[in-house]
Amino acid sequence: MLRKLYPVIFFLNIVLFLININHTLVMLMCLVNIFFLVSFLSKCKKNDLTYLKWLGCFALFCLLSCLWALNSRVALWVIIQQQIPIYTLCVSMFVYVKDWKDLYKCLRGYYFASIILLIYVILNVDLMTLAGSRLTDANDEQLWNPNYLGLYLALGIYAGFFSVFKEKDKYFLDVLVYLIAIIGMIAVIFLSGSRAALISLVSPLIVKVFISNKNILKSTLIISVILVICYSLIMYVPVLYLNIGIRIEELFNILSGEGVGDDSRMVLISSGLKWFQDAPILGIGINNFRILSGARLHYVTAFYAHNNYVELLVDIGIIGFAVYYISYIFLLSRFKVLDKEKKSWALGFLVMLLFSDMFHVSYYEVSMQILLCILYIIIRIERLNYINYRKSTYEKN
């Protein structure tokens, strides 16, 4: 009964996270997630717990950092308000999923939640701002963060693709709804002005095409066409240029050294690298980057780093940084159990995580943490399938 109910619970979780209307409901749902993960955990095989061990070590180190944090209240805030709800959701999904069928149910839930988010944005968007600024709501109530909005929908597009096209039974209505939905989602991603979201949308597809095709010339041609289409849209469609084209130009200026580009982002990153040198081993406490940015940079708002690498280095030092990113190394080493098709997608999503971390903080961002969990789930499913295959072959012989 609980297993049949969980996909609905997962869907409700994602809706609450993506729309972010009432944080009290998110915390209540966190308790529900804990109930489900405890119920499922007893049936989870011990050799499947690599993800849980890693996440537990990282979460514990973040909690311990409160002991030496500049401001322990700020550190505890991000743990209680952000990490615990997101991590309990991810853990409950990890212990729930046993096979591809279960994973597709979760992907479908995320996809449907993304459609609800898209409708929510359409109903609340301020059309008067589209020609001159990033996507905002009509009442200026900051109903969404443009960067996170784009990331949510980028993952929603891929979740929809796998849940609709990778299932054995495909229905015309499902395909039609998906095609309509991705048009709206892509439009919102472009209008959000989020470079991280744009990279997250394009990078898995590029890696997939490059790895899947043995013909390097063909791969290069397909990738070039994709990039040219994206570049032409954001640079020559006025509304898109004003929202994201200018920001892409700023990024090129930063990378080429020909201009300062987004000066505030560069100040946060360069300042963060200097602050890291003051406490390189243990950092200054989780979420305490914003304490230094508020005190030393004299911004009106105390900013986070807008870069996961810098944020973690400053907050929890080289030890915490290593604990977090060792998960990426582990995943890369385990992709060998995947066939070529699955490996190309898995590598694409790992590249997506690595690049998006340059533009936002992901250790407490729900879509990127779900994606990281999904990669672990895929490794576990394929590894268990391989073990079962070897057992059946041995028994036959």
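The shown structure was predicted, so the numbers you read here are calculated from the model rather than taken from an experiment.

(A) Geometry of the overall build of the protein. A tally of regular secondary structure across the protein gives 15 helices and zero strands. Within the protein, residue pairs in contact and separated by at least 24 positions form 75% of the contacts whose partners lie at least 6 positions apart. Taken as a whole, the protein presents about 19,200 Å² of accessible surface, with 68% of it coming from carbon and sulfur.

(B) A look at unusual backbone geometry. Unusually for a residue other than glycine, Asn287 sits at a positive phi of about 70 degrees. Within the element layout of this structure, Asn287 appears in the loop between α11 (263-278) and α12 (289-296).

(C) Main features of the nonpolar core. Formed by 116 residues in total, the largest nonpolar core has its most connected members in Tyr51, Met93, Tyr363 and Ile370. Considering each element in turn, this core owes the most residues, 13 residues, to helix α15 (residues 366-396). Not counting residues within four places of it along the chain, the set of residues in contact with Tyr363 comprises Phe58, Val78, Gln83, Tyr87, Ile286, Asn287, Asn308, Glu311, Leu312, Asp315, Tyr324 and Gln369. Counting 14 residues, the second-largest nonpolar core is a separate cluster that includes Ile206, Cys230, Met235 and Leu240.

(D) Expanded view of a nonpolar patch on the surface. A grouping of Leu60, Leu63, Leu64, Leu67, Leu76, Ile80 and Ile84 is seen on the molecular surface, where their side chains present a nonpolar patch of about 620 Å² in accessible area. Within the residue set of the nonpolar patch, elements represented by two or more residues are α3 (50-64) and α4 (72-96). Mapped onto the elements, Ile80 comes out in helix α4. Classification of Ile80 as partly exposed rests on a relative accessible area of 40%.

(E) Looking closely at the packing of helix α1 (residues 2-19) against helix α5 (residues 100-124). Where α1 meets α5, the closest approach of the two axes is 9 Å, and the angle between their N-to-C directions is 35 degrees. Crossing of α1 against α5: the hand is right-handed. Contacts from Arg3, Tyr6, Pro7, Phe10, Phe11, Ile14, Val15, Leu18 and Ile19 of α1 reach α5 at Asp102, Lys105, Cys106, Gly109, Tyr110, Phe112, Ala113, Ser114, Ile116, Leu117 and Tyr120. Tallied by class, the residues present in the contact of α1 with α5 amount to 15 nonpolar, two polar and three charged.

(F) The packing of helix α6 (residues 146-165) against helix α7 (residues 172-192), seen in detail. Interhelical geometry of α6 versus α7 gives an angle of 160 degrees and a closest axis separation of 9 Å. With respect to each other, α6 and α7 are oriented roughly antiparallel. Regarding α6 and α7, the two cross each other, and that crossing is left-handed. Here Pro146, Leu149, Gly150, Leu153, Ala154, Gly156, Ile157, Gly160, Phe161, Val164 and Phe165 of α6 come into contact with α7, specifically with Asp174, Val175, Tyr178, Ile182, Met185, Ile186, Val188, Ile189 and Ser192. Here the residues of the contact of α6 with α7 sort into 15 nonpolar, four polar and one charged.

(G) Representation of the side chain of Gln83 within the structure. Inspection of the secondary structure puts Gln83 in helix α4. When its relative accessible area of 2% is taken as the criterion, Gln83 is described as buried. Apart from residues lying up to four places away in sequence, Gln83 is in contact with Phe58, Cys62, Val78, Thr88, Ile286, Tyr363 and Tyr364.

(H) A look at the environment of Met352. Looking at the secondary structure, you find Met352 in helix α14 (residues 340-356). Classification of Met352 by relative accessible area gives buried; the value is 0%. When the C-alpha atoms of Met352 and Ala197 are compared, they prove to be 9.4 Å apart, with 155 residues separating the residues in sequence.

(I) Main features of the side chain of Asp102. In this structure, Asp102 sits in helix α5. In contact with Asp102, other than residues within four places in its own chain, are Arg3, Tyr96 and Val97.

(J) Layout of empty space enclosed by the protein. By the definition in use, this model includes one cavity of 30 Å³ or more. Quantified by volume, the largest cavity comes out at close to 40 Å³. For the largest cavity, the full set of lining residues is Phe10, Met93, Cys106, Leu107, Tyr110, Ala159, Ile370 and Ile374. Among the elements of the structure, α5 and α15 are those that each provide at least two residues to the lining of the largest cavity. Looking at the lining of the largest cavity, the element that brings in the most residues is α5, giving three residues. Taken together, the residues of the lining of the largest cavity sort by class into eight nonpolar, no polar and no charged.

Conventions used here
Residues numbered from 1 in each chain as written. Predicted model: local features only at pLDDT ≥ 70, side-chain atom pairs only at ≥ 80, totals over all residues. Heavy atoms only, no water. Helix = DSSP H or I, 4+ residues; strand = E, 2+ residues; numbered from the N terminus. Contact = heavy atoms within 4.5 Å. Areas by Shrake-Rupley, 256 points an atom, 1.4 Å probe, with all protein chains shown as cover. Core = buried A, V, L, I, M, F, W, Y, C linked by side-chain atoms within 4.5 Å. Buried < 20%, exposed > 50% of the residue type's maximum accessible area, 1.4 Å probe, protein only. Patch = residues over 30% accessible without salt bridge, like charges linked within 9 Å, V, L, I, M, F, W, Y side chains within 5 Å. Salt bridge = Lys/Arg side-chain N within 4 Å of Asp/Glu carboxyl O. Axes fitted to C-alpha atoms, helices over the stretch in contact; angles between N-to-C directions. Left-handed = near helix turned anticlockwise from the far one by under 90°. Nonpolar A, V, L, I, M, F, W, Y, C, P; charged D, E, K, R; others polar. Parallel < 35°, antiparallel > 145°, perpendicular 65-115°, else oblique. 1 Å grid on protein atoms, 1.4 Å probe; cavity = no way out; pocket = protein on both sides within 12 Å on 5 of 7 lines; lining within 4 Å. Points joined across faces, edges and corners; volume = space filled by probe spheres on them.

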